[in-house]
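Coordinate inspection notes
Chain residues, written in single-letter form:
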Amino acid sequence: MIALSVTTGVRPTKGYLMEMKRRIGFIERGTEFLKLKRDHLAKELTSSIDVLKGRRSRLLENLRVAYRAVTAANISLGPIEVRSQASSLKTGLKLEVLPRAVMGVRYPFIKVETEPQITGELDITLSEAAEKVLSILDDILQLAEFEARVERIADELGKTNRKVNALENTIIPSYRRVIKFIEDKLDEESLEELVRMKLIGGALARRRE
Amino acid sequence: MSPGLSYVVIRSHALLADLLTPEQMRALAGQESLEGFVEILAETPYGHIAIEEEGDASIALEKVFYEKFISRMMGIVDLAPIDIGDFLQSYYYIRFEVINLKRIIRGKYSGLPGTDVLNSLIPIVPYRVKSYEELVEAPTFEEAIRSLEGTPYAPLISSLELSERYNALWPVEIALNHLNASVIFKSLEHLPQSARDIVRRIVQVEADVENFLVAVKQRGAGERAHSAEEMFPATYGINLDKLREAMETDDISAVIRGLGHPYDEILAPIYEGDVALIRSRLRQHIYKVAKRGRIANDFGFNAVMAYLVFSEIEKDDLVGIGWGITQGITSEDILNYLAIPNFV
C-alpha cells in the first residue's frame, strides 16, 4: 500500500505557495466566522432550552387539565356520542407550515388559517373539554414550532462544531504542513542555487586568473 | 295485578341477579388491559365478548353493551302485558331513536360520509321513521328533517327556521329533546296510574337537568345568548324564570341552591367546574328513584322499571369503563365518573 502524505502531488513552486497562503488565509477567516456562528448558536440554544423547559411544563399542566376534561366527557357521554357531537363542528383546524430562518438555520413557522368554531351544538361536558383544548391550541402550536427551532439549532450547532474542529485540527494543519514543505523546498532550492552560483563564480574566477 | 304483570315482575326479580354488583364494576374498572377487562366480564352473565381487532375497541364495546341492553329490554317487553310492553318499547325506542336522529342530523349538517353516520347509530330497528338509510341519503340536512313529515317527529320541521336564522344545529337538537320528553309523557297514558309516578320523576329530572345545563352554557354569552323562550319550548320542575336566571346570573351557586332537592345535589359539581360529574350524579339519582320505587312497590311495574333502569345505568358505566381502559386511564379517574360504584 502506498501511503499518501499531505504533500503528495504538491508542486513546490512560488506560485503554488502563494495560492496555498491565499487559501489558508481564506480558510482561517472562514473558521473565525464559523466559531462566531458556533458561539451564537450555543448562546441561542442555552437560552432557548430554559424557555423550552418552562413552556413545556406549563403546557403539560394545561394538557393534563384538558385531557381530564376530555376523559370525563368520554366516560359520561360515551365515545360514539362524543365523536358524533365533535363531527357537528363545521370548521376544523387548518394550518399552513411556512419556512423561517435564524442565522441560516431554517425552521417551520406554523400559521393558523382557521380555528375550529364551537357554535353551540356541543353538550356542556364536551363543550368545556373542547374549550380547554382550544385554549391551549396556540400554546401547543407555539411549543411545537419552538421545539423544531431548538432541534434545528442544536443540529446546526453540532454540524458547525464538527466543521470548526475539522478545520482547526485537520484542514488548517495540513495546509500549514504543505506550506512549510513548499517553503522548505524553495529554501533548499535557493540554497542549492546559491551554492551553485558560488561554485560557478569560483570556477570563473579561477579561469580568469 | 294481571297474571302477565306478575310473571314479568317475577322475571325482573330473577334478572336483577344478573346485574353487576358495585364490587364487580370496581374490579372491571381496575383492569389495566382490555384483555383483563374481557376476562373479568366473561365471568359475569355477559359471558365472553369478541372484539374485532380492527378499529376502535371502545366503540365496539359500546355497541356490544347497547346490544346487550336492548336484548334485556326486549326480553321484558316480550313478556309484559300489552299496555306495559307498548310503553316500555316506546320509552326506550323513542329515546334511542332520538339519539340516532341527532347523530344523523349532525352527520348531515357537517357532511360526514353516510357510512360513518350509519356506523355511529344505536343498533335498533327504525321505530317511528321508515328507514335510517333514507335519512342518511337525503341530499341536505334540511331535506332529511323535511322527510320526517308524517312521523311523530314532524314538529322538528318548524325548528328549521330557527336553525337557519342562527346557522346552528341547537334548535333542532332542543326540539328533539322536547319531543322525546313529550312523547314519553304522552305514552304514560298507557300505564296504570300507580305506575306513572316513577317514570314521570325520572323523565322530568332528566329533562330539567338537560335544560339547566343548556342554560348554564349560555352564561357569559352576553348579546350572543339566545332567548330562553326559543331554547326551552317546554319546562318541567325547573321553570323558565329559573332557567333565565341561570343564564344571566354571576352567582350560579345561589341559583342552584334555590332549586332545592334533588337539583342542588345533582348540580353541585358545577361549583367545582366539573360538569361531567353532573351526569354521574344524575344517574345516581335515577338509580335512587328506581330503588325507592321498588321499595314502595316491589311486586308491580316499579320492579320491572327498576330492573331496566339499573340495567341501562350498568350499560352506561360499562361503556365508560371500556373507553377508559382502552385509553389507559387510571381506575381512580374512571370510577370518579361512574354511577353504580359510587351509589351510596
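A quick note: this is a predicted structure, and the numbers were derived from the prediction, not measured.

**Digging into the overall build of chain B**
- Scanning chain B for helices and strands turns up 18 helices and zero strands.
- What you see for chain B is a C-alpha radius of gyration of 21 Å, in line with the 20 Å of a compact globule of 344 residues.
- For the C-alpha atoms alone, the extent of chain B along its principal axes is close to 55 × 50 × 45 Å.

**As for the overall build of chain A**
- When its secondary structure is counted, chain A shows four helices and two strands.
- Ordering the α and β elements of chain A from the N terminus gives α-α-β-β-α-α.
- On the principal axes, the C-alpha backbone points of chain A span a range of 125 × 35 × 30 Å.
- When burial is assessed residue by residue, chain A has 16% of its 209 residues classed as buried.
- Taking as baseline every contact in chain A between residues at least 6 positions apart, the subset at least 24 positions apart corresponds to 82%.

**Digging into the environment of A:Gly158**
- Residue position: A:Gly158 is located in helix H4 (residues 137-208).
- Residues A:Gly158 and A:Leu41 lie 117 residues apart in sequence; the distance between their C-alpha atoms is 9.7 Å.

**Section: helix H16 (residues 276-296) of chain B**
- Under the 1.5 Å per step criterion, the end-to-end length of H16(B) is 31 Å for 21 residues, consistent within 8% with the ideal 30 Å.
- Of all 21 residues that make up H16(B), 15 are buried, and the element is covered over most of its length.

**What to know about the nonpolar core**
All names here are of chain B.
- Among the nonpolar cores identified, the biggest contains 119 residues, and Leu88 and Val304 are the most heavily contacted of them.
- Counting residues per element, this core draws most heavily on helix H17 (residues 301-326), at 15 residues.
- What valine 304 contacts, discounting residues up to four positions off in sequence, is Val8, Val9, Ser12, Ile76 and Ala80.

**Regarding unusual backbone geometry**
Residues and elements named next belong to chain B.
- With an omega dihedral of 0°, the bond running from histidine 261 to proline 262 counts as a cis peptide bond.
- At asparagine 167, a residue that is not glycine, the phi angle is positive and equals roughly 50°.
- Here asparagine 167 is to be found in the loop between helix H9 (159-166) and helix H10 (170-187).

**Overview of the interface of chain B and chain A**
- Contact with chain B, which involves 30 residues of that partner, is made by 23 residues of chain A.
- At the level of secondary structure, the elements contributing two or more residues to the side of chain B that touches chain A comprise helix H4 (57-79), helix H5 (82-110), H10, helix H11 (193-217), H16, H17 and helix H18 (331-336) of chain B.
- Looking at the side of chain B that touches chain A, the element that brings in the most residues is H5(B), giving five residues.
- When its residues are assigned to classes, the side of chain B that touches chain A shows 15 nonpolar, seven polar and eight charged.

**Concerning the packing of H9(B) against H10(B)**
All names here are of chain B.
- Between H9 and H10, the least distance of the axes is 7 Å, while the angle of their chain directions is 150°. Between H9 and H10, the angle is such that the two are roughly antiparallel. Taking contact as the criterion, the partners of Ser159, Leu162, Ser163 and Tyr166 in H9 are, on H10, Pro171, Val172 and Ala175.
- Each residue belonging to the contact of H9 with H10 can be placed in one class, and the counts come to five nonpolar, two polar and no charged.

**Regarding the pairing of strand S2 (residues 105-114) of chain A**
Residues and elements named next belong to chain A.
- Across nine bridges, strand S1 (residues 94-102) lies against S2 in antiparallel orientation. Residue pairing in the sheet places leucine 95 in a bridge with valine 112 of S2.
- Hairpin remark: S1 followed by S2, antiparallel, with two residues in the connecting loop; positive phi at methionine 103, about 50°.

**Brief notes about the packing of H4(B) against H5(B)**
Residue and element names in this part refer to chain B.
- Running from amino to carboxyl end, H4 crosses H5 at an angle of 155°, the nearest separation of the two axes being 8 Å. In terms of axis orientation, H4 runs roughly antiparallel to H5. Viewed along their axes, H4 and H5 form a crossing whose handedness is left-handed. Contacts between H4 and H5 pair Met73, Ile76 and Val77 from the former with Gly85, Leu88, Gln89 and Tyr92 from the latter.

Procedures and definitions
Residues numbered from 1 in each chain as written. Chains lettered and ligands numbered in written order. Predicted model: local features only at pLDDT ≥ 70, side-chain atom pairs only at ≥ 80, totals over all residues. Helix = DSSP H or I, 4+ residues; strand = E, 2+ residues; numbered from the N terminus. Rg over C-alpha atoms; globule rule 2.2 N^0.38 Å. Buried ≥ 20, exposed ≤ 12 C-beta atoms within 10 Å, placed from the backbone. Contact = placed C-beta atoms within 7 Å. Expected span 1.5 Å × (residues − 1). Core = buried A, V, L, I, M, F, W, Y, C linked by C-beta atoms within 7 Å. Nonpolar A, V, L, I, M, F, W, Y, C, P; charged D, E, K, R; others polar. Axes fitted to C-alpha atoms, helices over the stretch in contact; angles between N-to-C directions. Parallel < 35°, antiparallel > 145°, perpendicular 65-115°, else oblique. Pairing = 2+ DSSP bridges. Left-handed = near helix turned anticlockwise from the far one by under 90°.

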